[in-house]
Amino acid sequence: DAGVTQSPTHLIKTRGQHVTLRCSPISGHKSVSWYQQVLGQGPQFIFQYYEKEERGRGNFPDRFSARQFPNYSSELNVNALLLGDSALYLCASSLGDTQYFGPGTRLTVL
Amino acid sequence: GQNIDQPTEMTATEGAIVQINCTYQTSGFNGLFWYQQHAGEAPTFLSYNVLDGLEEKGRFSSFLSRSKGYSYLLLKELQMKDSASYLCAPSRDDKIIFGKGTRLHILP
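None of these values were measured; they are calculated from a predicted model.

Q: What is the right way to read the packing of aromatic side chains from this model?
A: Working definition: an aromatic ring pair is given by the centre-to-centre distance plus the angle between the planes. Enumeration according to the criterion identifies 17 aromatic pairs over all chains in this entry. Ring geometry for B:F33 against B:Y48: centres 4.0 Å apart, planes inclined by 20°, an arrangement best described as stacked. Of this pair, B:F33 sits in strand 4 (residues 29–37) while B:Y48 sits in strand 5 (residues 44–49); the two residues are 15 residues apart in sequence, bridging distant segments of the chain. When its relative accessible area of 0% is taken as the criterion, B:F33 is described as buried. Grouped by ring-pair contacts, the aromatic residues A:Y35, A:F45, A:Y100, A:F101, B:F33, B:Y35, B:F45, B:Y48 and B:F98 constitute a single cluster.

As structure tokens, then:
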């Protein structure tokens, strides 16, 4: 069975640009969460979506937005990129309590 | 509050046993996860404790005391591949809050 998939794997952007990251959950999972992980830190919660509805939002500015599609895949959008947005962006899907992570998208902002 | 405290780094020897402690203060606590993360990779699920006590899964065991806000991960018969970061992560509602993780170094 396929796990959580994310695209792209790596991405390089410049300050002020915007980026869209994509995630496909494990088949049958209806909940998707997004996390940001900077080097040396644990993942920080950004958003959670369940059945296309936002269920939770972490302490991130409005430049960060997300949505979930009818097939439960999800997109994370970040506008007006800052150098500090450089990080590993992780998507996790869940059916019950346990979240299963995708491989992540490594975003570098120059 | 969502304070999570675990050691930054630990070192142990191949074949030995190591215990990684975690204390937390999380309002609306549901349960506690432990994840393993190798450098440059995504976290992988190890355990989830909801009730007090010890849960054993092969070489790995996890303990929880809800009243004390305390958990530990016990790794037995350490192997070189166990070199990784171990993330203590209490959950509230459906959200998982991660600590900074403990980097475990295994010496031959």
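Q: Looking at this structure, how should I read the state of the cysteines?
A: Cysteine pairs can be linked by a disulfide, which is a covalent bond between their two sulfur atoms. In the structure shown here, the tally under the stated rule is two disulfides over all chains. The disulfide partner of A:C23 is A:C91, and the S-S distance across this bridge is 1.8 Å. Taking the torsion about the S-S bond as the criterion, the A:C23 to A:C91 disulfide, at about -60°, is left-handed. With a gap of 68 residues between them, A:C23 in strand 3 (residues 19–24) and A:C91 in strand 9 (residues 87–94) connect regions that are remote in the sequence. In this pair, the class of A:C23 matches that of A:C91, namely buried. The disulfide partner of B:C22 is B:C88, and the gap between their sulfur atoms is 1.9 Å. On the S-S bond that ties B:C22 to B:C88, the torsion sits near -70°, and the link is left-handed. Separated by 66 residues along the polypeptide, B:C22 in strand 3 (residues 18–26) and B:C88 in strand 9 (residues 84–92) bring together distant segments of the chain. The class of B:C22 is buried, set by a relative accessible area of 0%. On the basis of relative accessible area, B:C88 is assigned to the buried category, the value being 0%.

Q: Can you help me understand the side chain of A:S94 in this one?
A: Residues and elements named next belong to chain A. The topology assignment puts S94 in strand 9. Since its relative accessible area comes to 6%, S94 is described here as buried. Sequence-distant contacts of S94, defined by excluding residues within four places in its chain, comprise H29, K30, S31 and Q99.

Q: Which parts of the structure should I look at to understand the pairing of strand 11 (residues 102–107) of chain B?
A: Side-chain direction in a regular strand flips from residue to residue, so the side chains alternate between the two faces of the sheet. Residue and element names in this part refer to chain B. Across the two faces of strand 11 the burial differs, with T102, L104 and I106 buried and R103, H105 and L107 not buried at all. Here strand 2 (residues 9–13) runs beside strand 11; their pairing, made up of five bridges, is parallel. Bridge assignment links T13 to a residue of strand 11, and that residue is L107. Bridge analysis of strand 9 against strand 11 gives three bridges, and the strand direction is antiparallel. Paired with A84 across the strands is L104, a residue of strand 11.

Q: Looking at this model, I keep getting lost on the nonpolar core. Mind explaining?
A: Soluble globular proteins: nonpolar side chains tend toward being buried together. With 22 residues, the main nonpolar core has B:V18, B:L32, B:W34, B:L75, B:L78, B:Y86 and B:L104 as its most contacted residues. Taken together, the elements giving at least two residues each to this core come down to strand 2, strand 3, strand 4, strand 7 (60–65), strand 8 (70–75), strand 9 and strand 11 of chain B. If you tally residues by element for this core, the top one is strand 3 of chain B, at four residues. When near neighbours in sequence (up to four residues on either side) are disregarded, B:L75 contacts B:A16, B:I17, B:V18, B:I20, B:R59, B:F60, B:D82, B:Y86 and B:L104. Judged by nonpolar contacts, the second largest core, of 21 residues, contains A:V4, A:C23, A:L107 and A:V109.

Q: How should the interface of chain A and chain B be read in this particular structure?
A: Interface size is commonly expressed as the accessible area that is lost once the parts come together. If you look at the interface, chain A gives 19 residues, while chain B gives 14 residues. Summed over both partners, the interface of chain A with chain B buries about 1500 Å², with 54% contributed by carbon and sulfur atoms. The largest contributions to the chain A side of the interface with chain B come from A:P43, A:D97 and A:F101, which together make up 27% of the buried area. Here chain A is connected to chain B by zero salt bridges. Each residue belonging to the side of chain A that touches chain B can be placed in one class, and the counts come to seven nonpolar, 10 polar and two charged.

Conventions we followed
- Residues numbered from 1 in each chain as written.
- Chains lettered and ligands numbered in written order.
- Predicted model: local features only at pLDDT ≥ 70, side-chain atom pairs only at ≥ 80, totals over all residues.
- Heavy atoms only, no water.
- Phe/Tyr/Trp six-rings, centres within 6.5 Å; stacked < 30°, edge-to-face > 60°.
- Helix = DSSP H or I, 4+ residues; strand = E, 2+ residues; numbered from the N terminus.
- Buried < 20%, exposed > 50% of the residue type's maximum accessible area, 1.4 Å probe, protein only.
- Disulfide = S-S within 2.5 Å.
- Contact = heavy atoms within 4.5 Å.
- Pairing = 2+ DSSP bridges.
- Core = buried A, V, L, I, M, F, W, Y, C linked by side-chain atoms within 4.5 Å.
- Buried area = accessible area lost by both parts, 1.4 Å probe.
- Salt bridge = Lys/Arg side-chain N within 4 Å of Asp/Glu carboxyl O.
- Nonpolar A, V, L, I, M, F, W, Y, C, P; charged D, E, K, R; others polar.

Note that all results are geometric; they support no functional claim without further evidence.
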